[in-house]
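Structural overview
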Amino acid sequence: MTKKPVIGITASYVKHNHYMEGVYVHQDYHKAIVASGGIPLVLPVSTKEMAIHYLAMCDGIIMSGGEDVDPQFYQQDPHQKLGFIFPERDEVELALIQACLDENKPLLGICRGLQILNVALGGTLIQDLPSQVPTSMQHVQTIPRPRSFHSVTIEKNSHLHTIFEKERVRVNSLHHQAIDTLATELKAVAFAGDGIIEAVEHVSKKAWAVQWHPESMFSTSKDMQKLFQTFVQTCQ
Ligand code: MN
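Calculation criteria
Residues numbered from 1 in each chain as written. Predicted model: local features only at pLDDT ≥ 70, side-chain atom pairs only at ≥ 80, totals over all residues. Heavy atoms only, no water. Pairing = 2+ DSSP bridges. Helix = DSSP H or I, 4+ residues; strand = E, 2+ residues; numbered from the N terminus. Donors = N, O, S within 2.8 Å, 3.2 Å for Na, K, Ca; no water. Buried < 20%, exposed > 50% of the residue type's maximum accessible area, 1.4 Å probe, protein only. Salt bridge = Lys/Arg side-chain N within 4 Å of Asp/Glu carboxyl O.

1. Here we look at the pairing of strand β3 (residues 20–24)
Both strand β2 (residues 12–17) and β3 contribute to a ladder of 5 bridges, which runs antiparallel. By the bridge assignment for β3, Val 14 is matched with Gly 22. Connecting β2 to the antiparallel partner β3 that follows it, the hairpin turn spans 2 residues.

2. Quick notes on the coordination of the manganese ion
Taken together, His 139 (ND1), His 150 (NE2), Ser 173 (OG), His 175 (NE2) and Glu 198 (OE) make up the protein donors of the manganese ion, found 2.3 Å from the metal. Between consecutive donors of the manganese ion, the numbers of intervening residues give the motif H-x10-H-x22-S-x1-H-x22-E. In this pair, Ser 173 is assigned in the loop between β9 (168–171) and β10 (178–179) and Glu 198 in strand β12 (residues 197–202), connecting sequence segments 25 residues apart. Neither residue differs from the other here; Ser 173 and Glu 198 are each classed as buried.

3. Let's talk about the pattern of salt bridges
Counted by the stated rule, this structure contains 10 salt bridges. In this structure, Glu 67 and Arg 89 form a salt bridge, with 2.8 Å as the shortest nitrogen-oxygen distance. With a gap of 22 residues between them, Glu 67 in the loop between β5 (60–63) and α3 (87–103) and Arg 89 in helix α3 connect regions that are remote in the sequence. Residues Glu 67 and Arg 89 agree in their burial class; the two are buried. A salt bridge links Glu 201 to Lys 187; its shortest N-O distance comes to 3.7 Å. On the criterion of sequence distance, the pair formed by Glu 201 in strand β12 and Lys 187 in strand β11 (residues 186–192) is long-range, its members being 14 residues apart. Connected through shared salt-bridge partners, Glu 67, Arg 89, Asp 90, Glu 93 and Arg 112 make up one network.

Distances and angles like these do not, on their own, reveal function.
This is the structure in structure tokens:
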């Protein structure tokens, strides 16, 4: 039996009612990891001290989508249109990103995962695209998650370009926030038509992030299958 890489997925918290509350991860993440040859391991929101222990169990980390990042972590006050925040999750994830970069284990940020990676490295976010960048296109699609919604232009000489082998890819879009000031250790490698950053990669570490949801396009998109398969292989 060949050993499969263990991919930690950061989780959120959901409360359905007083007797059903707990860990939440969209099933598309673990389905995509299993289909790509990895073992998914859900990492519940815990204390920031747990981050190094979580990391020790994993060969790579996926920072999943979810709530808005608390703007206190990039020294801003909340904008009127800031969405739901969950600072306990931010603290665990910020510690996990730091530990992951320190040990140079592979990291894939997805949607919120891209945003918090930028924040962890000193960047800032646009707290609400429609009100703060009225000229931006629509980035919250109303069609189902697996469907692509807008195109992105991929920079040549990027990890993503190596994976996709083309400069234009169709992606889904489920975000009302985006990167504002890019962290100095990150390079923007994909852009939407309105100039919004849609993917980044670390200048020296094995850390990549996309603003869209490749896990939800996995069953229908060869491009997103390649993205996941390459990540899982990197964790091997
Ligand atoms: Mn978008």
